Amino acid sequence: MSASDITQYFDYIFMAMLLCIGIAVIRLRNLFAVVMLTGAYSLISAAWFVSLDAVDVGFTEAAVGAGISTVLLLGAMLLTSREADETPLVRHLAALAVTVAAGVALFYALGDMPVYGDANSPANTGVGMDYVQLTAEQVVIPNVVTAVLASYRGFDTMGEVFVVFAAGLGVALLIGLGEAKRKKG
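Residues numbered from 1 in each chain as written. Predicted model: local features only at pLDDT ≥ 70, side-chain atom pairs only at ≥ 80, totals over all residues. Heavy atoms only, no water.

Undergrad: Sorry, what's going on with the environment of L169 here?
TA: In this fold, L169 is placed in helix 7 (residues 154–184). The spatial distance from the C-alpha of L169 to the C-alpha of L72 is 9.6 Å, given a sequence separation of 97 residues. (Helix = DSSP H or I, 4+ residues; strand = E, 2+ residues; numbered from the N terminus.)

This is the structure:
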């Protein structure tokens with residue numbers, strides 16, 4: 001059994017876990033449990049991205065999806081009730097129809113995707129290879145992904161940090177305003 005076979009089994013395990021958590025999130029009405037499960041979903045997604053050799057995406061998913069988003073959702077949950085209201089069956093059917101349509105469109109698009117690991121795929125040719133070759137001489141950082149994120153896309157990364165900070169600040173202010181209203185009332 002090769003390393004790629006073992007990795008593929010892990011991919012299937014991660015997909016099964018994500019499917020189970022997704023179904024649980026849909027079925028639960030306790031908002032605290034839903035927030036915690038979405039955090040777990042993000043952590044498993046991050047592990048899956050690492051398994052697919054997308055360490056930078058896995059790191060971002062762990063930091064933003066499991067970390068910051070979970071904290072923001074917990075903060076927002078303080079302003080609402082702990083249980084979700086009953087949803088009419090018509091809304092469930094509409095959501096199911098949209099999900100099935102999106103799934104069919106994704107499966108239809110699979111035929112146009114390159115084979116996993118193909119050296120001639122668009123992601124592995126063109127400007128991406130230029131970054132791999134030029135990083136050592138232009139940026140003195142041995143990791144290409146870190147060099148691209150920190151140097152070539154530095155302003156973009158800084159903008160993302162500002163957006164996440166603004167979102168956290170907004171939730172903190174909302175929670176603070178909610179506390180002030182409770183004390184007055």
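Undergrad: I keep staring at the pattern of salt bridges and nothing clicks. Help me out?
TA: Between side chains of opposite charge, a pair can form when the charged atoms approach closely. For the structure on display, the rule yields 1 salt bridge. E86 is the salt-bridge partner of R29, the closest N and O atoms lying 2.9 Å from each other. Pair noted here: R29 is in the loop between helix 1 (3–27) and helix 2 (31–51) and E86 is in the loop between helix 3 (55–77) and helix 4 (89–109), with a separation of 57 residues, a long-range link. By relative accessible area, which is 39% here, R29 ends up partly exposed. Look at E86 and you get exposed, because its relative accessible area is 61%. (Salt bridge = Lys/Arg side-chain N within 4 Å of Asp/Glu carboxyl O. Buried < 20%, exposed > 50% of the residue type's maximum accessible area, 1.4 Å probe, protein only.)

Undergrad: Help me understand the side chain of T70 in this model?
TA: Of note, T70 is situated in helix 3. By relative accessible area, T70 is classed as buried at 10%. For T70, the contacting residues outside a window of four places in its chain are V35, M36, G39 and G65. (Contact = heavy atoms within 4.5 Å.)

Undergrad: Looking at this structure, how should I read the packing of helix 2 against helix 3?
TA: The angle between the axes and the distance between the axes are what describe a pair of packed helices. The interhelical angle for the contact between helix 2 and helix 3, taken along N-to-C directions, is 175°, at an axis separation of 7 Å. Here helix 2 is positioned roughly antiparallel relative to helix 3, judged by the angle of their axes. Contact residues: L31, F32, V35, M36, T38, G39, S42, L43, S45, A46, F49 and V50 in helix 2; V55, V57, G58, E61, A62, G65, A66, T70, L73, L74 and M77 in helix 3. A class-by-class count of the residues in the contact of helix 2 with helix 3 yields 15 nonpolar, 7 polar and 1 charged. (Axes fitted to C-alpha atoms, helices over the stretch in contact; angles between N-to-C directions. Parallel < 35°, antiparallel > 145°, perpendicular 65-115°, else oblique. Nonpolar A, V, L, I, M, F, W, Y, C, P; charged D, E, K, R; others polar.)

Undergrad: Sorry if this is basic, but what is going on with the environment of A62 here?
TA: With respect to the helices and strands, the residue A62 is situated in helix 3. Along the chain, A62 and V104 lie 42 residues apart, while their C-alpha atoms are 29 Å from each other. Contacts of A62, omitting those with residues within four sequence positions, involve A46 and G67.

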